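Spelled out, the chains give:
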Amino acid sequence: MENEQKNIQLNSHGQLCHFLSIDGLDREMLTEILDTADSFIKVGERSVKNVPLLRGRTVTNLFFEPSTRTRTTFELAAKRLSADVLNLDINTSATSKGESLLDTLRNLEAMGSDLFVVRHADSGAAHFIAEQVTPNVAVVNAGDGRHAHPTQAMLDMLTIRRHRGEFENLRIAIVGDILHSRVARSQLTALNMLGAGEVRVIAPGTLLPSNLDAFDVKIHNRLSEGLKDVDVVIMLRLQRERMKGALIPSEREFYQTYGLTSETVAYAKPDAIVMHPGPINRGVEIASSVADGSQSLILNQVSYGIAVRMAILSMCASGQTRTAGSQE
Amino acid sequence: MSGSSLKIINGWLVDPKGGTEQAADLFIHDGQIIAIGAAPDGFVADQEVDAAGMWVMPGVVDLAVRLPEPGYESRGSIDSELAAAVAGGVTTLCCTPDSRPVIDSAAVVKLIAEKANQAASARVKCIGALTQGLEGIYPSEMHALKQAGCVALTNLRRPFASNRVLLHSLAYAATHQTKVFLSPVDHSLEDGGCCHEGAISVRLGLAGIPEIAETSAIATSLLLVEETGVQTHYSQLSSAHSVELIRHAQQQGLPVTAGVAIHQLLFTEASIEGYNSAFHLQPPLRTEDDRAALIEGVIDGTIGAICSDHQPVSASAKMAPFAATESGISGLQTLLPLAVQLLQEYSLSAPAIVERLTHGPSAIIGLEGVGLTVGSTADITIFDPNARQTVNPDHWFSGGLNNPYMGKILTGKVAATFVGGRKVYESEPDA
């Protein structure tokens, strides 16, 4: 059967019109997002933080899964772009009572939203919504199942670039539950696309996907080996329900073998930076001394998250406008 | 001569069992083939069909069709699916027991048989439930189901409460000399998966079904089959290792056969790129190596039957994020055209592939009188292997539009279908 795949993230001019995954975006596009975000960081440092780029537009935060940080930073980003913001926390148990995702979407479209920011427990949900929305409405993925969390990955890339410079020279390790992590998938894709020098994942075999052929990555089972000479350490959150799946015996054993502590962080380069997408589990994947220590950039990540989301929202809105204009 | 008479002229007869692959005329009287080549003395045809440039072959016998009745009428009806069957050249189909109620009593078998008789289209054989309610706890009333006409019993991909229940179900089936269809899955290893576990599932973030969920269950069940001696058909294999396990068991003399769905021979996990729910299937499409091994199994006979694994679903069932969609392809009408694609790709012979669609499955369910030989039942399909057709809803009979070829062009088209010498389908000239 012929391959009919087209990249629905780009409009006919090759501009971003949806932001669903890092997959399918080239290095220039990722760099443009980072450069745009850099310029918005300066806006955030002013006393008047708003710019009028999305004045008159409505951004709907459509969250089928609970979230605090991602949703609030999207809300702040939209408000700083002068958009009207609608926050909808949709209890998934309510939708499972009968209304399909498609019906929910049709209802919200009728309210005239210009951008949907979507978080959903099913992989591919944002992709599905982008295929179904009316033309000129943009969809931004705020996390779908295990698939992708591309705005998180971009804020991580921005953090790395601002604090450690260009990617070619860097060794980067991602530690923890790679198997279930949409953040890890998006980070790996972004790091590969941006040409990172060496990318490693560090985890027990039970928390690694069965097949990582899609990524250029080195696999380590031992923290001491995996962190050696590393410039950037990215810790992932360990979900408590993983213990139920017989994947690891206990939090204690995980902390002993993969926890980032003052001792284990020393395996990395002395000036290595430590990152975490949050929320952190102190004493499970990371010690307080490291999370709050001088190498940690965990709080910087949060503020960069606003700038990155401003960049992505404004680029998608402009990509949709361009598409609309070219059709007339 | 009494009864109706039919003459099919100028066709290319394709019947592997009779050793027939020749241009010859076919003479049918009273539902049976009475002569090949020259007309018998005094033969007067009531009806004459010109099959120039087409295959004249035994009607397809499909071992895996999910009928929407009883219980799932929003997906279609027995009428609609039998119309789809004959439009696809299928003259006998075996329906799966996962109706509502489940086919675990003679009453449900009778209900389906009555509706099928009223439809007067393709023949329907029921596959009964191996356990009551398909719940995997108590063996079904196998004697009663067999008496009612079930050709085999199965639990589909549903779990058994324990290997003890599976063992006893197989032993009880052996007692009643009933054929068992197994589609073994270790559900603890499947664990909510919706596609093959591999590079693509990892990248798309979809929970995968590892190959070992199938192979470990097949390996276990083969030991139980050996223990009980029950005649077993492994339906819808999906992996290379499964083919190896079955091949080895056959070499050891175990009474096992195997089948595969046509889409497993043509597509791989790559088809789900972009979260294409049309290819959400159970068992899932796996790798190119698996596909190659399944084709090899079809060629060497390890796999004796190719089925459509027809599963019509409602339109909304495929409109959701991938994992939330229903699995299945409404495949009866595309079975033969897809089989022709296979021929072109692998330079298989037409009789070899026709065998796996007709005599192979017939032998598995003990269906007699199949073939293009004198005395055979006149269940015949006339198929134009070169005609091109656009698959479209206007010429679609199944209640489920869930076919990945919808709107696309396929080569190969059923021209006419006969059941018991009676024309039950004829394609429209411009269809």
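Reading the values: rules and limits
Residues numbered from 1 in each chain as written. Chains lettered and ligands numbered in written order. Predicted model: local features only at pLDDT ≥ 70, side-chain atom pairs only at ≥ 80, totals over all residues. Heavy atoms only, no water. Contact = heavy atoms within 4.5 Å. Buried area = accessible area lost by both parts, 1.4 Å probe. Salt bridge = Lys/Arg side-chain N within 4 Å of Asp/Glu carboxyl O. Pairing = 2+ DSSP bridges. Helix = DSSP H or I, 4+ residues; strand = E, 2+ residues; numbered from the N terminus. Axes fitted to C-alpha atoms, helices over the stretch in contact; angles between N-to-C directions. Core = buried A, V, L, I, M, F, W, Y, C linked by side-chain atoms within 4.5 Å. Buried < 20%, exposed > 50% of the residue type's maximum accessible area, 1.4 Å probe, protein only. Domains from an automatic or database assignment. Right-handed = clockwise from strand over helix to strand, strands pointing away. pLDDT = per-residue confidence, 0-100. 1 Å grid on protein atoms, 1.4 Å probe; cavity = no way out; pocket = protein on both sides within 12 Å on 5 of 7 lines; lining within 4 Å. Points joined across faces, edges and corners; volume = space filled by probe spheres on them. Nonpolar A, V, L, I, M, F, W, Y, C, P; charged D, E, K, R; others polar.

Draft legend 1. Highlighting the interface of chain B and chain A. Taken together, the contacts link 23 residues of chain B with 26 residues of chain A. At the boundary of chain B with chain A, total buried surface from both sides reaches about 1,900 Å², with 63% on carbon and sulfur atoms. Of all residues in chain B, Val202(B), Arg203(B) and Pro321(B) bury the most surface against chain A, accounting for 31% of the area lost on that side. Counting across the interface, chain B meets chain A through 1 salt bridge. Between Asp23(A) and Arg203(B) there is a salt bridge, with its nearest N and O atoms 3.1 Å apart.

Draft legend 2. Summary view of the sheet that holds strand β7 (residues 218–220) of chain A. All names here are of chain A. Taken in spatial order, the 5 strands make up an open sheet running β7-β6-β5-β8-β9, and their pairing is parallel. Taken across any chain shown, the strands that pair with only one partner, and hence form the sheet edges, are β7 and β9 (273–275). Neighbour-to-neighbour, the strand axes of this sheet turn through a mean angle of 20 degrees, independent of strand direction. Summarising the sheet, strand β5 (residues 171–175) and strand β6 (residues 198–202) pair through 5 bridges and their orientation is parallel. Residue Ile172 lies in a different strand from β6, and its bridge partner there is Val199.

Draft legend 3. Examining the nonpolar core more closely. By size, the foremost hydrophobic cluster in this structure holds 93 residues, and its most contacted members are Phe19(A), Ile160(A) and Leu313(A). Broken down by element, the residue count for this core peaks at 12 residues, all from helix α11 (residues 298–327) of chain A. Counting contributing residues per domain, this core is built from domain 1 (27–149 + 303–321) and domain 2 (150–297) of chain A, each supplying no fewer than three. If we ignore the near neighbours within four places in the chain, the residues touching Phe19(A) are Gln9(A), Leu25(A), Ile33(A), Val139(A), Val140(A), Asn141(A), Pro150(A), Thr151(A), Met154(A), Ile312(A) and Cys316(A). Core analysis: the next-biggest nonpolar cluster, separate from the first, contains 90 residues, Val109(B), Leu153(B), Val180(B) and Leu206(B) among them.

Draft legend 4. Main features of the pairing of β6(A). All names here are of chain A. When you tally the buried positions in β6, you get 5 out of 5 residues, the bulk of the element. Burial of the side chains of β6 extends over both faces: Glu198, Arg200 and Ile202 are buried on one face and Val199 and Val201 on the other. Taken together, β5, helix α7 (residues 182–193) and β6 form a β-α-β motif whose crossover is right-handed. Pairing of β6 with β7, which is carried by 3 bridges, proceeds in the parallel orientation. Bridged to Val201 within β7 is Ile219.

Draft legend 5. Layout of unusual backbone geometry. All names here are of chain B. Put simply, Arg100 and Pro101 share a cis peptide bond, and its omega is 0 degrees. Relative to the helices and strands, Pro101 is located in the loop between β9 (90–95) and α2 (106–119). With an omega dihedral of -5 degrees, the bond running from Gln282 to Pro283 counts as a cis peptide bond. Looking at the secondary structure, you find Pro283 in the loop between α9 (262–266) and α10 (288–300). Here Leu134, not a glycine, exhibits a phi torsion of approximately 60 degrees, which is positive. Examined against the element boundaries, Leu134 turns out to sit in the loop between β10 (123–129) and α3 (142–148).

Draft legend 6. Representation of the domain arrangement of chain A. All names here are of chain A. By the assigned domains, chain A splits into domain 1 (27–149 + 303–321) and domain 2 (150–297). Domain 1 and domain 2 are separated by 26 Å when their C-alpha centres are compared. In this assembly, 28 residues from domain 1 lie in contact with 28 residues from domain 2. Between domain 1 and domain 2, the buried area comes to about 2,400 Å², and carbon and sulfur atoms account for 58% of it. A per-residue breakdown of the area domain 1 buries against domain 2 is headed by Arg27, Arg146 and His149, which together make up 32% of the total.

Draft legend 7. Looking closely at the confidence of the model for chain B. Summing up the model confidence of chain B, the mean pLDDT is 95 and the portion of residues at 70 or higher is 98%. Interface confidence for the predicted complex, given as ipTM, is 0.91, next to a pTM of 0.94.

Draft legend 8. Empty space enclosed by the protein, seen in detail. All names here are of chain A. In this structure the tally under the stated criterion is 7 cavities of 30 Å³ or more. Approximately 80 Å³ is the volume attributed to the largest cavity. If you go around the largest cavity, the residues you meet are Arg69, Thr70, Thr73, Gln152, Leu155, His276, Pro277, Ile298, Gln301, Val302, Gly305 and Arg309. For the lining of the largest cavity, the secondary structure elements donating two or more residues are α2 (69–80), α6 (150–164) and α11. With 5 residues, α11 is the single largest residue contributor to the lining of the largest cavity. When grouped by side-chain class, the residues that make up the lining of the largest cavity number 4 nonpolar, 6 polar and 2 charged. Here the element with the most residues in the lining of the second largest cavity is α7; it accounts for 3 residues. For the lining of the second largest cavity, the per-class residue count stands at 3 nonpolar, 4 polar and 3 charged.

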